[in-house]
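Structural description and commentary
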Amino acid sequence: EGGQTSTGSVVNWYKTLCGGGDDFFDKVGAEAEGVPPGCEGLVVQEHWQGNRTPYTDPISRGVVSGLTLRHGRAHVYRAILEGI
């Protein structure tokens, strides 16, 4: 078993960043269903608040890698969920 420190915080950060309202997760979730697994090369490592598993590293930071102009908010949202 392992724990992660940023999971819900990263999802909530993304909602705030996008100016999402009460129905944000319903809308972006429906959009993300159309994005293939792997998000067309977009990867998120959700270490916004460090890492706990498998190694404790409070200095580790999050990464969004592979972002291109073809990616939209649904790609980023799905990549966050895949990274969690």
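Residues numbered from 1 in each chain as written. Predicted model: local features only at pLDDT ≥ 70, side-chain atom pairs only at ≥ 80, totals over all residues. Heavy atoms only, no water.

Considering the packing of helix α2 (residues 24–32) against helix α3 (residues 73–83)
If you want to describe how two helices pack, look at the angle between their axes and the distance between the axes. It is at 8 Å that the axes of α2 and α3 come closest, and there the two elements cross at 95 degrees. Between α2 and α3, the angle falls in the class roughly perpendicular. Contacts between α2 and α3 involve Phe24, Phe25, Lys27, Val28, Gly29, Glu31 and Ala32 from the former and Arg73, Ala74, Tyr77 and Arg78 from the latter. Of the residues belonging to the contact of α2 with α3, the class tally is 6 nonpolar, 1 polar and 4 charged. (Axes fitted to C-alpha atoms, helices over the stretch in contact; angles between N-to-C directions. Helix = DSSP H or I, 4+ residues; strand = E, 2+ residues; numbered from the N terminus. Parallel < 35°, antiparallel > 145°, perpendicular 65-115°, else oblique. Contact = heavy atoms within 4.5 Å. Nonpolar A, V, L, I, M, F, W, Y, C, P; charged D, E, K, R; others polar.)

A word on the nonpolar core
By size, the foremost hydrophobic cluster in this structure holds 15 residues, and its most contacted members are Tyr14, Cys39, Leu42, Val76, Tyr77, Ala79 and Ile80. Sorting the residues of this core by element identifies α1 (7–17), α2 and α3 as the ones contributing at least two each. Broken down by element, this core gets its largest block of residues, 5 residues, from α3. With near-sequence residues (within four places) excluded, Tyr77 lies in contact with Val11, Tyr14, Phe25, Val28, Gly29 and Ala32. (Core = buried A, V, L, I, M, F, W, Y, C linked by side-chain atoms within 4.5 Å. Buried < 20%, exposed > 50% of the residue type's maximum accessible area, 1.4 Å probe, protein only.)

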